[in-house]
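Spelled out from the first residue to the last, the chains are:
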Number of protein chains: 2
Amino acid sequence: MSAALDKATKAELLRVAHLLADAARPETLRHFRKPGLSADDKSAAPDHFDPVTEADRAAERAMRAVLASERPHDSILGEEYGAHEGSTGLVWVLDPIDGTRGYISGTPTWGVLIAVGDDDGPLFGIVDQPYIGERFSGGFGLAEVTGPTGTAPLAVRRGRTLSEATVMTTFPEVGTEAEARAFHTVAHAARLTRYGMDCYAYALLAAGQVDLVIEAGLNSYDIQGPQAVVEAAGGVVTGWDGGAAHNGGRVIAAATPELHAEACALLRASLAR
Amino acid sequence: MSAALDKATKAELLRVAHLLADAARPETLRHFRKPGLSADDKSAAPDHFDPVTEADRAAERAMRAVLASERPHDSILGEEYGAHEGSTGLVWVLDPIDGTRGYISGTPTWGVLIAVGDDDGPLFGIVDQPYIGERFSGGFGLAEVTGPTGTAPLAVRRGRTLSEATVMTTFPEVGTEAEARAFHTVAHAARLTRYGMDCYAYALLAAGQVDLVIEAGLNSYDIQGPQAVVEAAGGVVTGWDGGAAHNGGRVIAAATPELHAEACALLRASLAR
């Protein structure tokens, strides 16, 4: 599928992806750090805190309006409004606010995640941070960040072993108890572990600042945008089992194949115990 | 001492504080997210990772140069270059890059911390985030943030109990094992716990986004800038024992006296066990 896209189509998809990110920005910022920000709990489990804000919904509606106008025949999978079946074989995967806990805490580490791809995964993706005004994008031969200090190419860093690596994940709890144990075997072997960055962690990996991002319990819309950016910057993104990452679940993103192999071996050994 | 400062002196100190932050910005940004960023380990303990970068040193030199010119008779206490004894009774307390682990990981959560005060603590302070271009300041009757979306007043949020609160700290390990246990009794009672924000956590408290920041093992230069900003925004900053915070150690910052009392009681009960 990817090979079948001609140059004009790629340019068109890239253009529309940026239009989506542009459309989402004001909707996410309208409520960011404002008093009275609501945080509905859409989960039935009382200990599972997963706030959904009006900003989340408004940003996805704004992106869907752009797609209805610009790419009406593509499929859409969005966090808030579900799946829309198209006819082109292309699908837009949208997370209007990834990191809603970060959003309701005022941190500048949440993001608007956008990917366009096919059944085999994302071809182009964006991680946008509206408050900073920073956009990480990758795919179709491009990988770059545009932010407060200008535009710069994205490239993962090379040559670090796990004992020299910085690893990121959002919560120390990670996922299930077994998943958390597995994560901490890797964290223990790494030089530095940092929490709390939400999707921004993948952007930092693509920017050559950190070496591993390990998460569990992801949905496809949590990972496809970041995955495209990390892959375009030269990184490796798979499931903990080495399989495809674009459907979510347990995901590892690594700066190099060597680090990926080293961390995956630890994760699998821990899960097998 | 504070009462003895006239209006002109306060305006002068405020002006110089902003000059310091302006001087530090380019020095911190020169190395941020650049390849080859060095991270010396100034600690003897191999498991205590405390990187100091050239940016850290250059930013403090830039601030000291401003003080040498503008306030040559004030005292200085800086993280990198120690204490300079002045004659005015006023002291500038400087942390050129608070959150060096965040800095070397590329996160936008480190900050330049500046405070001016006397033996009783800070009177005016700044938490500056150069990459975002965001400055939180407070004292002398002012409390505001200037950033990508303009200038806004800072005020803590009111009316939340601990069970509704968001609590922040930088690392899940916090300090010693006993301090970590005490922290987690509070975290367990709170609604949401977030890690990884460095000094930015205090800025978010001042901005009414989170309710508690709890840390241990701080130095005076880690807390005086944030303390001034949080207090100016209406918050409470003390040691875990309720005493003065400006010399560092175990520090708690709370949005309200009620939350402060509730969290301190849990911290002390845990430490007493």
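Notes on the structure follow.

About the thresholds
- Just so you know, the residues in each chain are numbered from 1, in the order the chain's sequence is written.
- Here every chain gets a letter starting at A, and every ligand a number starting at 1, in the order they are written.
- Local features in this predicted model are restricted to residues of pLDDT 70 or higher, and side-chain atom pairs are both shown and tallied only at a pLDDT of 80 or more, whereas totals for entire chains, interfaces and linings draw on every residue.
- To obtain the side-chain values, all non-hydrogen atoms of the structure were used and water was disregarded.
- Counting from the N terminus, the helices are DSSP H or I runs at least four residues long and the strands are E runs at least two residues long.
- Pairs of N or O atoms are called polar contacts if they sit within 3.5 Å, as long as, within protein, a hydrogen donor faces a hydrogen acceptor (for residues adjacent in sequence, only side-chain-to-side-chain pairs).
- Contact between two residues is taken to exist if any of their heavy atoms lie within 4.5 Å; hydrogens are not considered.
- A strand pair is defined by DSSP finding two or more bridges across the two strands.
- Under this scheme, a helix contributes an axis fitted over its contacting stretch, all axes are lines through C-alpha atoms, and angles between N-to-C directions fall in the 0 to 180 degree range.
- Residues reaching a pLDDT of at least 70 in both copies supply the C-alpha atoms on which the copies are superposed by least squares.
- To sort the angles, those under 35 degrees are grouped as roughly parallel, those over 145 as roughly antiparallel, those from 65 to 115 as roughly perpendicular, and the leftovers as oblique.
- When the near helix sits turned anticlockwise from the far one by under a right angle, the crossing is termed left-handed; a clockwise turn instead gives a right-handed crossing.
- The classification used treats Ala, Val, Leu, Ile, Met, Phe, Trp, Tyr, Cys and Pro as nonpolar, Asp, Glu, Lys and Arg as charged, and all other residues, Gly among them, as polar.
- A helix is expected to span 1.5 Å multiplied by its residue count minus one.
- Note on bend: at a given residue it equals the angle between the axes fitted to the 7 residues ending there and to the 7 starting there.
- Only protein chains enter the calculation, and the probe is 1.4 Å; a residue is then buried if its accessible area is under 20% of its type maximum, exposed if over 50%, and partly exposed in between.
- By convention, the term buried area covers the 1.4 Å-probe accessible surface removed from two parts as they join, with the contributions of both added.
- Salt bridges, as used here, are contacts in which a Lys or Arg side-chain nitrogen is within 4 Å of a carboxyl oxygen on Asp or Glu.

With respect to the side chain of His-246 of chain A
Residue and element names in this part refer to chain A.
- The residue His-246 is located in the loop between β14 (236-239) and β15 (249-254) in this model.
- A distance of 3.1 Å separates the side chain of His-246 from the backbone oxygen of Asp-119, its partner in a polar contact.
- Residues in contact with His-246, not counting those within four places in the same chain, are Asp-119, Asp-120, Gly-121, Pro-122, Ser-220, Ile-223, Gln-224 and Gln-227.

Observations concerning the sheet that holds strand β13 (residues 212-218) of chain A
All names here are of chain A.
- Read across the open sheet, the five strands follow the order β12-β11-β13-β15-β14; overall the sheet is mixed. The open sheet has two edge strands with one neighbour each: β12 (192-195) and β14. Put simply, the sheet's adjacent strands are angled 20 degrees from each other on average, direction ignored.
- Relative to β15, β13 is paired through five bridges, and the arrangement is antiparallel. Note that in β15 the partner of Leu-212 across the bridge is Ala-254.
- Together, β13, β14 and β15 form the strand contacts of helix α6 (residues 220-232), whose direction differs from that of β14 by roughly 150 degrees.

Here's the deal with the relation of the copies chain B and chain A
- Expressed as a screw transformation, the operator carrying chain B onto chain A has a rotation angle of 180 degrees and an axial translation of 0.0 Å, and the superposed copies differ by an RMSD of 0.0 Å. One copy is carried onto the other by what is essentially a two-fold rotation axis.
- Mapped onto chain A, 100% of the interface residues of chain B again fall at the interface, so both copies present the same surface.

Re the sheet that holds strand β13 (residues 212-218) of chain B
All names here are of chain B.
- With mixed pairing, five strands are arranged side by side in an open sheet as β12-β11-β13-β15-β14. For this open sheet the edge positions go to β12 (192-195) and β14 (236-239), each flanked by a neighbour on one side alone. With direction set aside, neighbouring strand axes in the sheet form an average angle of 20 degrees.
- As paired strands, strand β11 (residues 166-169) and β12 are joined by four bridges and run parallel to one another. From the neighbouring strand, Val-167 faces β12, where its bridge partner is Thr-193.
- Those strands touched by helix α6 (residues 220-232) are β13, β14 and β15 (249-254), and its axis lies near 150 degrees from that of β14.

Some thoughts on the packing of helix α4 (residues 177-189) of chain A against helix α7 (residues 257-272) of chain A
Residues and elements named next belong to chain A.
- Close contact between α4 and α7 brings their axes to 8 Å; oriented N to C, the two are set at 140 degrees. Classified by the angle between their axes, α4 and α7 sit oblique to one another. With respect to the hand of their crossing, α4 and α7 are arranged in right-handed fashion. Taking contact as the criterion, the partners of Ala-178, Glu-179, Arg-181, Ala-182, Phe-183, Thr-185, Val-186 and Ala-189 in α4 are, on α7, Ala-263, Leu-266, Leu-267, Ser-270 and Leu-271.
- In terms of residue class, the contact of α4 with α7 is made up of nine nonpolar, two polar and two charged.

Considering α6 of chain A
Residues and elements named next belong to chain A.
- Helix length check: α6, at 13 residues, gives a terminal C-alpha distance of 18 Å against a target of 18 Å (1.5 Å per residue), a fit within 8%.
- Of all the bends in α6, the greatest measures close to 25 degrees and is centred on Pro-226.
- Counted residue by residue, α6 has eleven buried out of 13 residues, so it is predominantly covered.
- Residues of α6 that are buried include every one of Ser-220, Tyr-221, Asp-222, Ile-223, Gln-224, Gly-225, Pro-226, Gln-227, Ala-228, Val-229 and Val-230, and no others.
- Backbone geometry just after α6 places Gly-234 at a positive phi near 100 degrees.

Some points on the interface of chain B and chain A
- Across the boundary between the two partners, chain B contributes 34 residues, which contact 34 residues of chain A.
- Taken as a group, Tyr-131, Arg-194 and Gln-209 of chain B account for 22% of the area that chain B buries against chain A, more than any other trio of residues on that side.
- Here chain B and chain A share four salt bridges between them.
- Salt-bridge contacts for Glu-134 of chain A lead to Arg-33 of chain B; the nearest nitrogen and oxygen are separated by 2.9 Å.
- On inspection of chain B and its partner chain A, the count reaches twelve residue pairs in polar contact (both at pLDDT 80 or more).
- Contributing elements (two or more residues each) for the side of chain B that touches chain A: α3 (100-104), β8 (134-139), β11, β12 and α5 (200-206) of chain B.
- Looking at the side of chain B that touches chain A residue by residue, the class counts come to 17 nonpolar, eleven polar and six charged.

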